[in-house]
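# Per-entry structural report
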Amino acid sequence: MPTPLNFKQELTACFGQPVAENPTQVMMEAAYRHHGLDWRYLTIEVAPDHLGAAVAGARAMGFRGFNCTIPHKVAVIAHLDGLGESAKVMGAVNCVVRRNEQLIGENTDGKGFVKSLKELIDPTGKRVLMFGAGGAARAIGVEVALAGATHITVVNRSQPRGEELAALLNDKVPAEAVFVPWSGPLDIPEGTDIVINATSIGLFPDVDAELEFNVDSLQSHMVVADVIPNPPRTRLVDAAARRGCRVIDGLGMLVNQGVIGIQFWTGVDPDPGVMRRALEDVFGAAT
Ligand SMILES: NC(=O)c1ccc[n+]([C@@H]2O[C@H](COP(=O)([O-])OP(=O)(O)OC[C@H]3O[C@@H](n4cnc5c(N)ncnc54)[C@H](OP(=O)(O)O)[C@@H]3O)[C@@H](O)[C@H]2O)c1
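Residues numbered from 1 in each chain as written. Predicted model: local features only at pLDDT ≥ 70, side-chain atom pairs only at ≥ 80, totals over all residues. Heavy atoms only, no water.

Turning our attention to the environment of phenylalanine 264. Summarising the element assignment, phenylalanine 264 is placed in helix α8 (residues 250-266). Phenylalanine 264 gets classed as partly exposed once you look at its relative accessible area, which sits at 28%. Through-space distance from the C-alpha of phenylalanine 264 to that of arginine 99 is 9.4 Å; in sequence the pair is 165 residues apart. Setting aside chain neighbours within four positions, we find phenylalanine 264 in contact with Cys95, Val97, Arg99, Glu106 and Thr108. (Helix = DSSP H or I, 4+ residues; strand = E, 2+ residues; numbered from the N terminus. Buried < 20%, exposed > 50% of the residue type's maximum accessible area, 1.4 Å probe, protein only. Contact = heavy atoms within 4.5 Å.)

This is the structure in structure tokens:
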């Protein structure tokens with residue numbers, strides 16, 4: 001008997017606002033094509049007032065899952081049936097997975113970051129300095145601690161947000177965390193192993209914005225990571241590479257969180273090289 005023709009594709013998506021400049025679709029659909037999966041990944045603008053309706057629509061249309069980006073990562077929780085372990089700790093979801101007809105919220109941002117980090121350094125027993133205390137910083141702080149980092153310094157412009165993240169880390173994960181207010185140029189302390197920019201400083205179009213810290217305090221044994229995916233070669237990545245540090249750009253985290261999302265949704269282990277090359281193509285291979 002011939003195989004019946006099938007014109008129905010499996011659906012995944014990204015819900016955000018603004019979302020038009022989010023390049024995730026490029027790498028996800030490259031992976032679907034590469035692995036022969038008849039799946040789609042749609043980039044969908046969802047206003048905050050319509051988030052509940054969008055999630056109900058995803059349920060009604062049988063979406064296999066969807067990513068959430070700014071400003072939905074916390075608000076989406078109210079519309080889901082349950083949370084994975086780290087999403088529960090962070091109180092934020094960036095990846096929703098349909099399991100047994102339930103929508104379960106996961107957080108792959110920090111896991112993706114740690115996957116990139118482990119390609120260069122084992123976080124076990126390491127001291128981390130992280131700029132930022134927003135959603136990305138929360139996810140990264142929790143996962144680097146779960147991966148074995150023992151000390152995390154949170155540097156943030158807004159004091160309440162920085163203090164809240166340090167308290168969450170001290171309370172919920174096995175790492176010691178301190179908050180340092182960011183009120184001017186700062187020296188990276190001796191003994192730091194990993195420096196992370198988890199702020200939005202340097203994101204397109206403000207590509208010339210610089211982190212306020214003393215670049216001369218970077219030492220060549222430090223691993224320096226930036227979460228900014230666009231452009232991948234930020235001023236921080238450039239300065240750290242010039243000082244002999246090993247660097248991780250924001251495409252590493254983006255690709256790896258996408259790899260984990262595809263694993264969750266499809267059960268297939270996608271090729272990260274295919275996904276990264278698809279992104280490099282759209283960013284003009286400027287990595
Ligand atoms: N590569 C990836 O896969 C990936 C994944 C997720 C996010 N990201 C990137 O991560 C970045 C942060 O996202 P998010 O969700 O954490 O955003 P968020 O929750 O809005 O947090 C933004 C953070 O940046 C800080 N910040 C922004 N402008 C600043 C400035 N001019 N001076 C000092 N601090 C400043 C904020 O400090 P205050 O608390 O003082 O406002 C806060 O700590 C975004 O650029 C996003 O593109 C990348």
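The next subject is the packing of helix α1 (residues 24-34) against helix α9 (residues 272-282). Two elements in contact, α1 and α9, have axes separated by 8 Å at closest approach and are oriented at 135°. By the angle between their directions, the pair α1 and α9 is classed as oblique. Considering only the axes of α1 and α9, their crossing is right-handed. Across the interface between the two elements, Val26, Met27, Met28, Ala30, Ala31 and His34 from α1 touch Val274, Met275, Ala278, Leu279 and Val282 from α9. (Axes fitted to C-alpha atoms, helices over the stretch in contact; angles between N-to-C directions. Parallel < 35°, antiparallel > 145°, perpendicular 65-115°, else oblique. Left-handed = near helix turned anticlockwise from the far one by under 90°.)

Read across the open sheet, the six strands follow the order β9-β8-β7-β10-β11-β12; overall the sheet is parallel. Taken across any chain shown, the strands that pair with only one partner, and hence form the sheet edges, are β9 (176-181) and β12 (246-248). Each strand axis lies, on average, 15° off the axis of its neighbour in the sheet, ignoring direction. Judged from the three bridges that link them, strand β11 (residues 223-226) and β12 form a sheet pairing that is parallel. Within β12, the residue paired with alanine 225 across the bridge is isoleucine 248. (Pairing = 2+ DSSP bridges.)

With that settled, consider the pattern of salt bridges. Under the criterion given, the structure shown has 16 salt bridges. Among the ionic pairs, aspartate 109 bridges to lysine 73, the shortest N-O distance being 2.9 Å. With a gap of 36 residues between them, aspartate 109 in helix α4 (residues 109-118) and lysine 73 in the loop between β3 (65-68) and β4 (82-83) connect regions that are remote in the sequence. By relative accessible area, aspartate 109 is classed as buried at 9%. The salt bridge partner of lysine 111 is glutamate 143, with a shortest N-O separation of 3.2 Å. Note that lysine 111 is positioned in helix α4 and glutamate 143 in helix α5 (residues 135-146), a separation of 32 residues in sequence. A relative accessible area of 26% places lysine 111 in the partly exposed class. Overall, the relative accessible area of 9% leaves glutamate 143 in the buried class. (Salt bridge = Lys/Arg side-chain N within 4 Å of Asp/Glu carboxyl O.)

In this structure, β3 lies alongside strand β5 (residues 95-99), joined through three bridges in antiparallel fashion. Residue pairing for β5: glycine 65 is matched across the bridge by valine 97. The sheet contact formed by β5 and strand β6 (residues 102-106) spans five bridges and is antiparallel. Its bridge partner lying in β6, valine 96 is registered against glycine 105. Between β5 and β6, which pair antiparallel and follow one another directly, the connecting turn spans two residues, one of which, asparagine 100, has a positive phi of 50°.

As a structural note, the neighbourhood of the ligand is formed by 23 residues, with Ala136, Asn156, Ser158, Val227 and Gly250 the closest of them. Side-chain polar atom of asparagine 156 to an oxygen atom of the ligand: 2.8 Å apart, as the coordinates give it. Arginine 157 places a side-chain nitrogen or oxygen 3.0 Å from an oxygen atom of the ligand. Taking 920 Å² as the accessible area of the ligand by itself, protein coverage stands at 79%. Among the elements that line the shell around the ligand, the one with the most residues is α8, at three residues. Looking at side-chain class alone, the shell around the ligand contains 11 nonpolar, eight polar and four charged residues. (Near = heavy atom within 4 Å. Polar contact = N/O pair within 3.5 Å; in protein donor to acceptor, adjacent residues only side chain to side chain. Areas by Shrake-Rupley, 256 points an atom, 1.4 Å probe, with all protein chains shown as cover. Nonpolar A, V, L, I, M, F, W, Y, C, P; charged D, E, K, R; others polar.)

Looking at the secondary structure, you find proline 123 in the loop between α4 and β7 (127-131). Measuring from C-alpha to C-alpha, the distance between proline 123 and alanine 175 comes to 12 Å, with 52 residues separating the pair along the chain.

The next point concerns the pairing of β9. Inspection of the sheet shows strand β8 (residues 151-156) paired to β9 by six bridges, in the parallel sense. Directly across from asparagine 156, in β9, lies its bridge partner proline 181. With helix α6 (residues 159-172) bridging β8 and its parallel neighbour β9, the resulting β-α-β unit is right-handed. (Right-handed = clockwise from strand over helix to strand, strands pointing away.)

All right, on to the packing of aromatic side chains then. Overall, the coordinates contain five aromatic pairs when judged by the stated rule. Where phenylalanine 131 meets phenylalanine 213, the ring centres are 5.7 Å apart and the plane angle is 45°; that geometry is what we call tilted. A residue pair is termed long-range when its members are at least 10 positions apart, and phenylalanine 131 in strand β7 and phenylalanine 213 in the loop between β10 (194-197) and β11 qualify at 82 residues. Taken as a pair, phenylalanine 131 and phenylalanine 213 share a single burial class, namely buried. Through pairs of rings, three or more aromatic residues link up here, namely Phe131, Trp182 and Phe213. The ring centre of phenylalanine 264 lies 5.2 Å from the NZ or CZ of arginine 99, which sits over that ring. (Phe/Tyr/Trp six-rings, centres within 6.5 Å; stacked < 30°, edge-to-face > 60°. Lys NZ or Arg CZ within 6 Å of the ring centre and 35° of its normal.)

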